[in-house]
Amino acid sequence: MPLKTLDQCSVERLEILAPDGSVDEALDPRLPRETLLHMYRKMVEIRVFDEKAFKLQRQGRLGTYPQILGQEATQIVPALCLKPKDWLVPTYRGQGAYFARGMQLRHSLLYWGGDDRGVKFPEGNNDMIFSIPVGTHLTQVAGLAWGAKLRKDPSVALTYLGDGTSSKGDFHEALTFAGQFKLPAIYIIENNHWAISVPRERQSASKTLAQKAWGYGAFGLQVDGNDALAVHRAVSEAVARARRGEGPSVLECETYRLGHHTTADDASRYRSPEEVEAWRKKDPVLRLKLYLQAKKLWDEAQESSLLREAEAMVQEEIAAYESTPPPNPLNMFADNYASAPWHLIEQRAELEELLKGKQSRREVFELPPAEGRFP
Amino acid sequence: MPLKTLDQCSVERLEILAPDGSVDEALDPRLPRETLLHMYRKMVEIRVFDEKAFKLQRQGRLGTYPQILGQEATQIVPALCLKPKDWLVPTYRGQGAYFARGMQLRHSLLYWGGDDRGVKFPEGNNDMIFSIPVGTHLTQVAGLAWGAKLRKDPSVALTYLGDGTSSKGDFHEALTFAGQFKLPAIYIIENNHWAISVPRERQSASKTLAQKAWGYGAFGLQVDGNDALAVHRAVSEAVARARRGEGPSVLECETYRLGHHTTADDASRYRSPEEVEAWRKKDPVLRLKLYLQAKKLWDEAQESSLLREAEAMVQEEIAAYESTPPPNPLNMFADNYASAPWHLIEQRAELEELLKGKQSRREVFELPPAEGRFP
Amino acid sequence: MEINLVTAINQGLRQAMEADDRVLLLGEDVGLNGGVFRVTEGLQKQFGADRVIDTPLAELGIVGASVGLAIYGLRPVCEIQFDGFLPAVLDQVICHIGRLRNRSRGRHTVPMVLRAPHGGLIHAPEHHSESPEAYFTHTPGIKVVIPSTPEDAKGLIISSIEDPDPVVFFEPKALYRAAKGEVPEKPYRTPIGKARLAREGSDISLISWGAMVHTCLKAADELNADGISAEVIDLRTLAPLDIEAVLSSAEKTGRVVIAHEAPNTGSFAAELSALIHERSLLKLQAPVRRVGGWDIRMPLFRLEKYYVPDADRVIRAVKQVLSF
Amino acid sequence: MEINLVTAINQGLRQAMEADDRVLLLGEDVGLNGGVFRVTEGLQKQFGADRVIDTPLAELGIVGASVGLAIYGLRPVCEIQFDGFLPAVLDQVICHIGRLRNRSRGRHTVPMVLRAPHGGLIHAPEHHSESPEAYFTHTPGIKVVIPSTPEDAKGLIISSIEDPDPVVFFEPKALYRAAKGEVPEKPYRTPIGKARLAREGSDISLISWGAMVHTCLKAADELNADGISAEVIDLRTLAPLDIEAVLSSAEKTGRVVIAHEAPNTGSFAAELSALIHERSLLKLQAPVRRVGGWDIRMPLFRLEKYYVPDADRVIRAVKQVLSF
Ligand SMILES: Cc1ncc(C[n+]2csc(CCOP(=O)(O)OP(=O)(O)O)c2C)c(N)n1
Ligand SMILES: Cc1ncc(C[n+]2csc(CCOP(=O)(O)OP(=O)(O)O)c2C)c(N)n1
Ligand SMILES: [Mg+2]
Ligand SMILES: [Mg+2]
C-alpha cells in the first residue's frame, strides 16, 4: 500500500425522536416523567416568552432582541443536564439556557432593554455572563473547566457557540487547550444554519462542524438539535465523560433559527420562506409534545393550562421589567475596580454635578438611589 | 445501528525514501537527474551555511540565529516545486526556502545581524517576508492565493508554519477561508517536534496535525519530512491540485530540529541527547545522498567538490555581509508611507540633527548615504 | 438631492468599484444582505459575488486575507461589522498592516481600507457603541479617517480606496441616517489629512471628529445665544493629523475644547492636547480641556447618553475654559 | 546581596505561590525551561506542573484561559513571551479583562496578572522590542505596572498577584540582568498606584517608566555636571496613575520632560502631558516636552539605539525646555 494510515475517524449523528414523534426505542434515554414534563414546560415557557419579547420590541418597549424560536431544545435541555455548580456560559442568544437554570426572564428583558441590571443570575449557580464579541468566551470556558480540574472539583463547564462562531480562531485555541489538558468542558455548537445572512454551507467547507473535534483529540458528535431526547442523551453523556476525566466534547446540535437574526434583522432578504417552512415541520416543542402524548404523559387539558400559566408568568416578568425604576446613571461607575481609583472618583463626581444641573433645568427628574459598589 | 455515520476520514502518511536510502519503487517520483542534483546541492549548501551562521553568532558576529539543521528537505524541496510567480511565504526559520528560490544568503545574515537591508528577494520572485509573531501570515497567505484565484492567475501560494504555530487561531481562520473559497494555497506544517521547549505531544492532543485539514474541507497528509522524495511528491501534487482549482492542502512534514530553537536557546535544558541522536540517524541530507549514490548519480569526488564550493560560496556571503557598510540611521524613516506625512518629516529632521550632534562629538563617524524612498 | 451617510458611502464604494476592477469588498453580511447598516446595499448585485464577498465569521481572517489581497495587487475594502469587534484584528493592524511597507523596504504595499462603524447613541447592544480610534492612531504606518458629513464620507471613501497605504475608515453610526446633505453625483476625492472648518468662530475652538462634531455644532449654536463665538473643527482625518488647521485655530482663539466619545485617558484627545500645548502654549489663554467618555466601559444603552458627552458637557467645558 | 530584576521577580513569584496555593503560572516555555528569560526558573520543579504550566503556542488561549481560571477563583499569572505578541491578546484585554467586573455587576472578578517583557535595547529580533503600554493604559478596568528596580519588581509582582483586579505587569527587558540592587528576602508589597522619586531635583522633572528611568538618571547625572538639577520620577504604575506625584513634581520645578520608548503619537506620554497642562498650567515655565520613539516601527537592532531615546535626546529636550 502506498500510504500508511495513521488514524481514522468517522463523524456520527444522534437522532432519537423523529419529527412525527416516533422514537428509536433502542436509544430512548427513558427519562423520568418529571424530567420530561419539566423540560417540556420550560420549552413552552421560553417559546411564549420569546414571542412576547419580539412583540415588545416591535412596540418599542424593548431594544434589540435575539429570538430563539425553533431552538428551544438546544436552549433548555443542556442546562437541565447540569448541576448548579457546573458552569454554564451561553451566548447572547442564550436566555433559554439561563432561564432553564432559574434566571428570571425580567432580567433578560432588562438587559435587552438596555439596563445593566439585567445581568443577574440566581445565587448559588455558576452562571457566567455571555460575551457579545462572539467566540471570545470559548477560551474562558476552557479556563473555568481547568479551574475545576486543578482543584479536583467535580464540576464541568458547558458553553454554547453558533455555527458562525465556529469559524473564529478562539474556537481553535479553546479546543486546543481543552483537548491538550483534558478539560471537563462541553462545547455545544448550536448550528442553527445561519450566521445573520451567511448560511452554514458558506461558513466552512467542513462537511460537519462536529468533525472539527478530531483535530483536538476531543469527542465530536452531531446531534439532532430539535430532538430533546437526543440532546439530553448527548449532553448527559458528555457531562459524564467530563466528570470522569475523559476530556472535552464538541456537540454540534443541528437546529434552525426560525426568526430573524435579531429584531434588527430582516431574514426575508436572504432566505426563502420555503426553507423556513420546511424547518417549522421539525419543531422541537411539538415533537416533544407528540412523544409525551404517545407516552400518555400529556393531554390537551394540560397543554392549555400550561399555556395559560406560561402567559401569566411571562406577563408578570414583563410587568416587573416595565415597572423597574430607571437606573441611576451613577451606577455605571460601580464595580469597575474593587476600589475606585482617583480618576473614577473625580469622573463620578463630575457626572453627579452634571446630573444636578440637568435636574435643575428639569431635563432629568428624580433619580433612584445609586446601586452597586463604589468605591 | 444507533448512530448514523455522516462522514469518514483517515489520515495517511507518505514515505518514499527510508533512512538507509532504500526506496519504495512504486512511489518514487523518478525525478530528473538535474532536479535531484540541484535539490541535493541546495540542501548541502544550506547545511554548510547553517553551521557557519551558528558559529558566527557564537563569535559575536551575528545576532540571534534560528538554525535549520535537520530540516533541509522541508526547507529546500517545496520551493523547488514552485514557479517564480507562485507566492512563497516561509517562517522566520525559512532561510532555506528563500535560498532555494535564489535569495543570497548575505541577506539572511544581514537580517539576523540586525540590519533591515537584509530583507531582499530576487526581482521577479513572488517571495513575501515572513512574520515574526508566528502564524500571523497564515491568513495573509489565504489572501495571496485568493488574489490569484480572483484574477484567474494560475499562481499558487505556499507557506510554512511550525507544529507549535498550528495551535494559533490564525491557522483556523486561514484554513476556514482557504477551504471555503477553495483557494490555491498550500500550508506546510514543518513539524520539527518542538516549539522552543514544548514538544509536539504537549502542543495538541490531535494524533496528527495533518488531520486538522478535515475540519476545513482541505486535503491533509502527513509526510516524512526528512524524505526529500516524499516532500517533493506531496508538494508537487498539492501544487497541481491547487492549480486545478481543487483547493488547499495541509501537508504535515514530520522532521526534527536538531539544533537549539535559536542561538538564544539551550535545548539541553528540556530534551535528551538520546532523542536528538535518534533523529540524527534520519538525516535528510545523508538519505538523499544514499539514494543518489545508489542511482549512481553521485560519488565521493562530487561530494567533496560540492562541499568545497559550498564553503567558498558561504565564505563569500559572509564576506559580503561583513563588508556591508553600516546602515544610515535615517533609513528607518524610508518606506513607511508612499509619501511621508509631516510628523515623519519633522522626526527624521530631528534624528538628522541628533546625528550631527553625535558626529560633532565623535560618537558617530561618517555615515553612508541614506537608502530607501523618503518621502 | 440630499442623501445620508449610508447612501454617500455606498455611492463612493460603487464609483470606486466602477473605476477600478481591482477594488473588492469583503466582510460579514456585506453581500446579499448589503451589510447590517445597508452600506453595501446593491453592490453584490451590481458587481457579483467575486467582488462583494460574504466571508465566514472570522475577523482576523477578513483582515489578514485583505492584507494578502492587497499585497497581491488588489484593493480590498474590508468591513468589520461593529467597532466592538475591532480588538480582534489589532494583531494584524499593529503587527502587519502598518509595518509591511517598511519591513519589506517598500516591496510589499498594503493599499487596503478597513471600514468599521464608530461610536454610540443608536441604542445598540453592548459592545456595539465603541470608539476605539486611539488604538489605531497610536499605531504607525496607517491612516485613520472619520467623516461627519455625507459629502466628506463619499469623498473620503474614494480617497481611502485610492490611497497607496492602509486606511482605517470609521463611520459614525449615529450619523448613518441622521446626517444628510447634498453630495455631488460624480466621483470626487476629499483629501486625507485635511481638517474641515465646520463653523467659524473667534472665542474658542471646539475640536472634534465623527458624530461629536454635530454635538459641538449644537453647543456652538447654544453658545452663540450667550454671545460666545465658537469655532468648530472637524478633523476628518486623525492620522496623519492636520496639525496646521488645529494649531491655527487654537492660536486664533487661544482657547480649545476637544470633544470625543472614547474613554478619555489615553484617548486621541490626549495627543491633541499635548500637541497644542507643546506648540502653541504662549498663544493659549487657558489650558486645553478634553471632554470625553468616562474611563469605564460604555454602559448598556439606557445610560449611554450619560456616557457620551452631550452639548451640555461641551458647553460646561467651554465656560470653564473661558473663566480660567 | 544584590540581585537582578529576573531574580527579584522570580523571588516574588515564588513567595506569592508559597503564600497562596491558588496562584499558578502559565505560558509558553515557563515550566521546564523556566521562561526564555529564566524569570520562572525552578518554579515548576518546586510547585509541580499543575501550578507552573507550559501551554500550547496560543496567546489568546493563554489569556482567555487565565480569565476563566480567575473567574473560577484561582489567581493565574500568565506570561506572554514578548511584548510584540501582545496585540494578539488585546481582544481579551479590551473586551473582557477590564470589563467583566462591571459587566457582571461585580459577580465575576478577574484577579489575574498578565506578565510580559517590555522595551528594546537588548539586540533582540524584530517584534521583540516593543513598548505597547498605550494600548493598555487607554483600556478601562485594568491596572498597568512597570518596575525599574529589583526591589520594586519584587514588591510589585506580589502586590499585582494579590490585587483583586487584573494587572498587566511589564518587565523592562533591558533591565532584566542590568538592574541590580538589594532586595529584602521576606515577601513585601510595593503599592500599586504610587510613583517613586528616583532622584530629587529642583530645575526640571524627568518623568519616565521602565528602562527609560535609567536613561533619565544618566541624563540627570550629566545635567548635574552642567549645574542643572533634574528630578527623576519613576512612575512604576501607569494605571492608575500617581497624579499627585506627577503634579507636585511638575509644580515644584515648573518644567517637565517625559521620556519613553513607544511611538510618541498617542503614547502614554501624551496623556501625561495633557494632564499636566490641564492641571498645572500656571505653574509651568515652559510646555511639557515628550521624548519618545519615532512614529515608525522599531527598526532591526543595529539601529535601535537611534530609535529608543538616549540620554543625549533627554538632555537636548531639557535644554529646550530650559531655554523656552
Ligand atoms: C466577533 C464578532 N463578530 C461579529 C459579530 C456580529 N454578529 C453578531 S451575531 C453574528 C452571527 C453569529 O452567528 P452564529 O455564531 O451562527 O450564532 P447565531 O446568531 O446563529 O446564534 C454576528 C456576525 C459579533 N457579535 N462578534
Ligand atoms: C505569536 C507568537 N508567540 C510566541 C512567539 C515566540 N516564539 C518564537 S518561535 C516559537 C516556537 C515556534 O514553534 P513552531 O511553530 O513549532 O516553529 P519552530 O520554531 O519549531 O520552527 C515561539 C513560542 C512568537 N514568535 N510569536
Ligand atoms: Mg447560527
Ligand atoms: Mg516546531
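To be clear, the structure that these remarks concern was listed above.
Residues numbered from 1 in each chain as written. Chains lettered and ligands numbered in written order. Predicted model: local features only at pLDDT ≥ 70, side-chain atom pairs only at ≥ 80, totals over all residues. Heavy atoms only, no water.

1. As for the overall build of chain A
Helix and strand content of chain A: eleven helices and nine strands. At 22 Å, chain A has a C-alpha radius of gyration in line with the 21 Å of a compact globule built from 375 residues. Each of the three principal axes of chain A carries a C-alpha extent, and together these read 85 × 55 × 40 Å. Looking at chain A as a whole, 65% of its 375 residues are labelled buried. Summarising the internal contacts of chain A: among those between residues at least 6 apart in sequence, 74% fall at separations of at least 24. (Helix = DSSP H or I, 4+ residues; strand = E, 2+ residues; numbered from the N terminus. Rg over C-alpha atoms; globule rule 2.2 N^0.38 Å. Buried < 20%, exposed > 50% of the residue type's maximum accessible area, 1.4 Å probe, protein only. Contact = heavy atoms within 4.5 Å.)

2. Here we look at the site of ligand 2
Neighbouring residues of ligand 2: 20 residues in total, closest Tyr92(B), Arg93(B), Asp163(B), Thr165(B) and Glu59(D). Chains contributing residues near ligand 2 are chains B and D. In the environment of ligand 2, an oxygen atom lies 2.8 Å from a nitrogen or oxygen atom belonging to the side chain of Asn192(B). Here ligand 2 has 580 Å² of accessible area as a free molecule, and 96% of this is covered by the chains. Grouping the constituent residues of the shell around ligand 2 by class yields nine nonpolar, six polar and five charged. (Near = heavy atom within 4 Å. Polar contact = N/O pair within 3.5 Å; in protein donor to acceptor, adjacent residues only side chain to side chain. Areas by Shrake-Rupley, 256 points an atom, 1.4 Å probe, with all protein chains shown as cover. Nonpolar A, V, L, I, M, F, W, Y, C, P; charged D, E, K, R; others polar.)

3. Focus on helix α9 (residues 243–253) of chain D
Residues of α9(D) that are buried include every one of Ile243(D), Ala245(D), Val246(D), Leu247(D), Ser249(D), Ala250(D) and Thr253(D), and no others. Where α9(D) is buried, its residues meet α11 (342–360) of chain A together with β10 (204–208), β11 (230–234), β13 (256–263) and α10 (268–280) of chain D. Note on α9(D): the residue one or two positions beyond its end, Gly254(D), has a positive phi of about 75 degrees.

4. Considering the sheet that holds strand β5 (residues 113–118) of chain D
Residues and elements named next belong to chain D. Taken together, seven strands build an open sheet; the order of strands is β3-β2-β4-β5-β7-β6-β12 and the sheet is mixed. Among the strands making up the open sheet, the edge pair consists of β3 (52–54) and β12 (237–239). Sheet twist, expressed as the average angle between the axes of neighbouring strands with direction ignored, equals 20 degrees. One ladder, built from three bridges, connects strand β4 (residues 75–79) with β5; its direction is parallel. Across the sheet, the residue bridging to Val77 is Val113, located in β5. The strands touched by helix α7 (residues 150–162) within the sheet are β2 (23–27), β4, β5, β6 (143–145) and β7 (167–172), with β7 carrying the most contacts at an inclination of about 160 degrees. (Pairing = 2+ DSSP bridges. Axes fitted to C-alpha atoms, helices over the stretch in contact; angles between N-to-C directions.)

5. Topic: the coordination of the magnesium ion (ligand 4)
All names here are of chain B. Within the protein, the magnesium ion (ligand 4) binds to Asp163 (OD), Asn192 (OD1) and Trp194 (O); these donor distances fall in the range 2.0 to 2.1 Å. Between consecutive donors of the magnesium ion (ligand 4), the numbers of intervening residues give the motif D-x28-N-x1-W. Taken together, the positions of Asp163 in the loop between β4 (157–162) and α6 (169–180) and Trp194 in strand β6 (residues 194–195) put the pair 31 residues apart, joining distant regions of the chain. The same class applies to Asp163 as to Trp194, namely buried. (Donors = N, O, S within 2.8 Å, 3.2 Å for Na, K, Ca; no water.)

6. Comments concerning the interface of chain A and chain B
In this assembly, 41 residues from chain A lie in contact with 41 residues from chain B. Considering only the side of chain A, the residues that lose the most area to chain B are Leu6(A), His172(A) and Trp214(A), jointly responsible for 18% of the buried surface there. Here chain A is connected to chain B by two salt bridges. Put simply, Lys4(A) and Glu15(B) hold a salt bridge, and the shortest N to O gap is 3.4 Å. Between the two partners, chain A and chain B, sit 31 residue pairs in polar contact (both at pLDDT 80 or more). By residue number, the principal contributor to the side of chain A that touches chain B is strand β1 (residues 4–14) of chain A, which donates eleven residues. Residue composition of the side of chain A that touches chain B, by class: twelve nonpolar, 18 polar and eleven charged. As paired strands, β1(A) and strand β1 (residues 4–14) of chain B are joined by nine bridges and run antiparallel to one another. Paired with Cys9(A) across the two strands is Cys9(B), which belongs to β1(B). (Buried area = accessible area lost by both parts, 1.4 Å probe. Salt bridge = Lys/Arg side-chain N within 4 Å of Asp/Glu carboxyl O.)

7. Focus: the environment of Glu133(C)
Residues and elements named next belong to chain C. As for its position among the elements, Glu133 is in helix α6 (residues 133–137). When its relative accessible area of 1% is taken as the criterion, Glu133 is described as buried. Sequence separation between Glu133 and Val314 is 181 residues, and the spatial gap between their C-alpha atoms is 20 Å. Every residue in contact with Glu133, bar those within four places of it in the chain, is listed here: His118, Phe170, Trp209, Leu238 and Ala262.

8. Looking at the site of ligand 1
Taken together, 20 residues lie near ligand 1, and Tyr92(A), Arg93(A), Asp163(A), Thr165(A) and Glu59(C) sit nearest. The residues that come close to ligand 1 belong to more than one chain, namely chains A and C. Contacts to ligand 1 include Arg93(A), whose side-chain N or O atom sits 2.8 Å from an oxygen atom. At 2.5 Å, a side-chain N or O of Glu59(C) approaches a nitrogen atom of ligand 1.

9. Let's talk about the side chain of Gln81(D)
Structurally, Gln81(D) is set in the loop between β4 and α4 (90–97). Here Glu28(D) takes part through its backbone oxygen, which lies 3.2 Å from a polar atom of the side chain of Gln81(D). Those residues in contact with Gln81(D) that sit more than four places away from it in its chain are Ile196(B), Glu28(D), Asp29(D), Val36(D), Phe37(D) and Pro117(D).

10. Quick word on the packing of aromatic side chains
Taken as a whole, this structure holds 41 aromatic pairs over all chains when the rule is applied. Seen from their ring centres, Tyr98(B) and Phe121(B) are 4.6 Å apart, and the 15 degrees between their planes marks the pair as stacked. Of this pair, Tyr98(B) sits in helix α3 (residues 95–100) while Phe121(B) sits in the loop between α4 (105–112) and β3 (126–127), and the two are 23 residues apart along the sequence. Here a set of aromatic residues connected by ring pairs shows up, and it is made of Tyr98(A), Tyr111(A), Trp112(A), Phe121(A) and Phe130(A). One residue, Lys282(A), lies across the ring of Trp279(A), its end atom 3.9 Å from the ring centre. (Phe/Tyr/Trp six-rings, centres within 6.5 Å; stacked < 30°, edge-to-face > 60°. Lys NZ or Arg CZ within 6 Å of the ring centre and 35° of its normal.)

11. Considering the pattern of salt bridges
Taken as a whole and judged by the stated rule, the model has 122 salt bridges over all chains. With its nearest N and O atoms 2.8 Å apart, the salt bridge here joins Arg117(B) to Glu371(B). Residue Arg117(B) is found in the loop between α4 and β3, and its partner Glu371(B) is found in the segment after α11 (342–360); the two are separated by 254 residues along the sequence. What you see here is one network of salt bridges that share partners, running through Lys4(A), Arg13(B), Glu15(B), Asp224(B), Glu254(B) and Arg287(B).

12. Examining the environment of Ala334(A)
Here Ala334(A) lies in the loop between α10 (300–322) and α11. Exposure remark for Ala334(A): the relative accessible area of 1% places this residue in the buried category. Sequence separation of Ala334(A) and Ala218(A) is 116 residues, and the distance between their C-alpha atoms is 41 Å. Not counting chain neighbours up to four residues away, the residues in contact with Ala334(A) comprise Glu371(A), Gly372(A), Arg373(A), Phe374(A) and Asn102(D).

13. Considering unusual backbone geometry
Residue Ala239(C) is joined to Pro240(C) through a cis peptide bond whose omega torsion reads -5 degrees. In this structure, Pro240(C) sits in the loop between β12 (237–239) and α9 (243–253). Unusually for a residue other than glycine, Arg362(A) sits at a positive phi of about 60 degrees. Taking the relative accessible area as the measure of exposure, Arg362(A) reaches 62% and is therefore exposed.

14. Focus: the packing of helix α3 (residues 59–72) of chain C against helix α4 (residues 90–97) of chain C
Residue and element names in this part refer to chain C. It is the contact of α3 with α4, at a shortest axis distance of 9 Å, that shows an interaxial angle of 25 degrees. Relative to α4, the element α3 is oriented roughly parallel. With respect to the hand of their crossing, α3 and α4 are arranged in right-handed fashion. Mapping the contact onto sequence places Leu60, Val63, Gly64 and Val67 in α3 and Asp91, Gln92 and Ile97 in α4. (Parallel < 35°, antiparallel > 145°, perpendicular 65-115°, else oblique. Left-handed = near helix turned anticlockwise from the far one by under 90°.)

15. A few points about the interface of chain C and chain A
A common way to state how big an interface is: give the accessible area lost once the parts meet. If you look at the interface, chain C gives 36 residues, while chain A gives 42 residues. Put simply, chain C and chain A have ten salt bridges between them. A salt bridge links Asp115(A) to Arg302(C), with the nearest nitrogen and oxygen atoms 4.0 Å apart. Linking chain C with chain A are 14 residue pairs in polar contact (both at pLDDT 80 or more), by the criterion used here. Among the elements of the structure, α11 (304–307) and α12 (311–322) of chain C are those that each provide at least two residues to the side of chain C that touches chain A. When residues of the side of chain C that touches chain A are assigned to their parent elements, the largest contribution, three residues, is made by α12(C). A class-by-class count of the residues in the side of chain C that touches chain A yields 16 nonpolar, seven polar and 13 charged.

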